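One-letter residues, chain by chain:
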Amino acid sequence: MLKRIVGYCVFLTIISCSFSQKIKDGEMAFERKQYAVALGLLEEEYEKTKNEAQKARKAWLLGQSLMKLLEYEDAKSWYNKAIIHGYGVEALASFARVSKLLEDYEGAIDAYQKIGNITGRKQETDRDILLCRQALDYKARAPEYEVERIFENS
C-alpha cells in the first residue's frame, strides 16, 4: 500500500514538472495562449530584433495577440507594421479582417485588392470587396426610421 502511494506521488510530481515549463519568449507565450504575457515579451523582442523577417513575424504575432484581447485598433497598427516589414498575405488578410471590424471599409477593400493581385484568387477577394462596398453604401444612406424613447410606464 505504501509503495502504491509513493508511486502515485512520484508520478504526479513528474507530470506536474513536465507541464510547468517557464515561458522563455513571446512566441512561446502566444502558443500557450497567454496573450497578455506575450504582448510584453513580443514588444521587447520586436524592438531588439534587427532582422526584417523576424520583425515582421513579431509584429504579426503582436497583432494576433491584440485581436485575441479584443484590442482592434492596436492590432490594426501592428498588422500594418507586419505588412511594411514584408510578412505577406497572412498579414494583409488579418489587416483586412480587422479593418472590416473597425468599419474601415476603404482600407479593407485596398487590402483585399492587394491579396487578389498576389494570390490570384480573384473570386474570393471580389466577394469580400463587394461586401465592403455594400457596407459603405449602407452607411451612406439616411436612416429609414428613427427610434425615440417613450417616457411612459406600463
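Structure shown above.
In what follows, the accompanying structure is described. (Residues numbered from 1 in each chain as written. Predicted model: local features only at pLDDT ≥ 70, side-chain atom pairs only at ≥ 80, totals over all residues. Heavy atoms only, no water.)

**Details of the environment of Trp60**
Okay, so step 1: Here Trp60 shows up in helix α4 (residues 52-68).
Okay, so step 2: In this structure, the C-alpha to C-alpha distance between Trp60 and Lys81, residues 21 residues apart in sequence, is 7.9 Å.
Okay, so step 3: In this structure, Trp60 is in contact with Tyr79, Ala82, Tyr87, Glu90, Ala91 and Ser94, ignoring residues within four places of it in sequence. (Helix = DSSP H or I, 4+ residues; strand = E, 2+ residues; numbered from the N terminus. Contact = heavy atoms within 4.5 Å.)

**What about unusual backbone geometry?**
Among all residues save glycine, negative phi is the norm, and among peptide bonds the norm is trans.
Okay, so step 1: Of note in the backbone geometry, Lys33 takes a positive phi value of approximately 65° without being a glycine.
Okay, so step 2: Relative to the helices and strands, Lys33 resides in the loop between α2 (26-31) and α3 (35-48).
Okay, so step 3: By relative accessible area, Lys33 is classed as exposed at 61%.
Okay, so step 4: With phi around 60°, Glu103 is a residue other than glycine that occupies positive phi space.
Okay, so step 5: Summarising the element assignment, Glu103 is placed in the loop between α6 (89-101) and α7 (105-119). (Buried < 20%, exposed > 50% of the residue type's maximum accessible area, 1.4 Å probe, protein only.)

**As for the nonpolar core**
Okay, so step 1: In terms of nonpolar packing, the biggest core is built from 31 residues, with Trp60, Leu62, Trp78, Tyr79, Tyr112 and Cys132 touching the most fellow members.
Okay, so step 2: When contributions to this core are tallied by element, the ones reaching two or more residues are α2, α3, α4, α5 (72-84), α6, α7 and α8 (122-140). (Core = buried A, V, L, I, M, F, W, Y, C linked by side-chain atoms within 4.5 Å.)

**A few points about the pattern of salt bridges**
Okay, so step 1: On inspection of all chains with the given rule, the structure shows seven salt bridges.
Okay, so step 2: Of the charged contacts in the structure, one is a salt bridge between Asp104 and Lys76, with a shortest N-O distance of 2.6 Å. Residue Asp104 is located in the loop between α6 and α7, and its partner Lys76 is located in helix α5; the two are separated by 28 residues in the primary sequence.
Okay, so step 3: Asp104 gets classed as partly exposed once you look at its relative accessible area, which sits at 25%.
Okay, so step 4: A salt bridge links Lys114 to Asp110, with the shortest nitrogen-to-oxygen separation between them at 3.6 Å. Here the residue Lys114 and the residue Asp110 both occupy positions in helix α7, the gap between them amounting to four residues, near one helical turn.
Okay, so step 5: Assessed through its relative accessible area of 41%, Lys114 is described here as partly exposed.
Okay, so step 6: Using a relative accessible area of 38% as the deciding quantity, one classes Asp110 as partly exposed.
Okay, so step 7: Put simply, Lys100, Arg127 and Asp128 are held in one network by salt bridges that share partners. (Salt bridge = Lys/Arg side-chain N within 4 Å of Asp/Glu carboxyl O.)

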